[in-house]
Amino acid sequence: MNSIPSLIAKIEELKRSEISTVIKQRISQFLSLKEKHSKEIFKELCFCILTANFSAERSILIQEKLRDEFLYADKETLAGYLKELGHRYPEKRAEYIVSARKYMDSIKEIIFSIQEREGKRLWLVKNIKGIGYKEASHFLRNIGFLDYAIVDFHIIDLLEREGLINRPKSLTKKKYLQIESVLKEIASQVCLPVGKLDLYLWYMETGKVLK
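Residues numbered from 1 in each chain as written. Predicted model: local features only at pLDDT ≥ 70, side-chain atom pairs only at ≥ 80, totals over all residues. Heavy atoms only, no water.

1. Considerations on the packing of aromatic side chains
Our working rule: Ring pairs shown here join Phe, Tyr and Trp side chains whose ring centres sit within 6.5 Å, with only the six-membered ring taken for Trp; geometry is labelled stacked below 30 degrees between planes, edge-to-face above 60, and tilted in between. Note on conventions: DSSP H or I runs of at least 4 residues are helices, E runs of at least 2 residues are strands, and numbering of each starts at the N terminus. Classification of residues uses two cut-offs on accessible area relative to the type maximum, computed with a 1.4 Å probe and protein chains only: under 20% is buried, over 50% is exposed, and between them is partly exposed. Sitting over a ring, as applied to charges here, requires NZ of Lys or CZ of Arg to be within 6 Å of the ring centre and within 35 degrees of the ring normal.
Counting across every chain of the model gives 3 aromatic pairs. Their ring planes at 75° and their centres at 4.9 Å tell us that tyrosine 103 and tryptophan 123 sit as a pair that is edge-to-face. Placement of the pair is tyrosine 103 in the loop between helix H7 (90-100) and helix H8 (107-113) and tryptophan 123 in helix H9 (residues 117-127), with a sequence separation of 20 residues. Both residues of the pair, tyrosine 103 and tryptophan 123, count as buried. In this structure, lysine 108 is placed above the aromatic ring of phenylalanine 112, and the distance from its NZ or CZ to the ring centre is 5.9 Å. Against the face of tyrosine 148 rests arginine 117, its NZ or CZ located 4.4 Å from the ring centre.

2. Some thoughts on the packing of helix H1 (residues 4-15) against helix H12 (residues 173-189)
Put simply, the rule reads: Working convention: axes come from line fits to C-alpha atoms, limited for helices to the stretch in contact. Angles between N-to-C directions cover 0 to 180 degrees. Every angle not falling under 35 degrees, over 145, or within 65 to 115 is termed oblique; those three ranges are roughly parallel, roughly antiparallel and roughly perpendicular. In this scheme the handedness of a crossing depends on how the near helix is turned from the far one: anticlockwise by less than a right angle means left-handed, clockwise means right-handed. Residues are treated as being in contact if the distance between any of their heavy atoms lies within 4.5 Å. Nonpolar residues are Ala, Val, Leu, Ile, Met, Phe, Trp, Tyr, Cys and Pro. Charged residues are Asp, Glu, Lys and Arg, and all others, Gly as well, are polar.
Here H1 crosses H12 at 55°, and the two axes come no closer than 10 Å. With respect to H12, the element H1 is oriented oblique. Crossing angle aside, the handedness with which H1 passes H12 is right-handed. Along its contact with H1, which presents Ile4, Leu7, Ile8, Ile11 and Glu12, the element H12 presents Glu185, Ile186 and Gln189. Looking at side-chain class alone, the contact of H1 with H12 contains 5 nonpolar, 1 polar and 2 charged residues.

Below, the structure written as structure tokens:
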């Protein structure tokens, strides 16, 4: 990991910049979701379902447009909305969201009752269609559990460019956890939870702070 000092210097510089205030505000929003009703947390799960192989920025716009439609629209209606709003996979994502509704009123209780860190992520991957390791980690981070890394192509591009990883041919569970361990090492050196580190790295790669 010879390039870690170079990356750490860049992160430390950002921590002293104005963008750190924006990131702190975003983290506060994530933590506040812990206090919300299960249905609000479920809507965040729907957002993360939308992001698989699709733009996070465009998924945010869809989430803002649809709001409670995630809770009540039937599959065909929801697919129509997603298609109209430009989602790449409207039918499949509508199917996944409707399927997940059986946990709409219990998702908060379920996730918060699982004490073991990895158990939370595994439950999501096992029980929610359309949720893999990246989406499960994204969801958990966005509802205030900051010790999960979100390994998407932006992060992979950055780590590869810094010489810290070789680009994987596919993102298997084993490879995901290997890359997460690299991110945890960086996070420990800059004194950030890995879920907050993600926002700094995303900003470095895209110039944006999303969620």
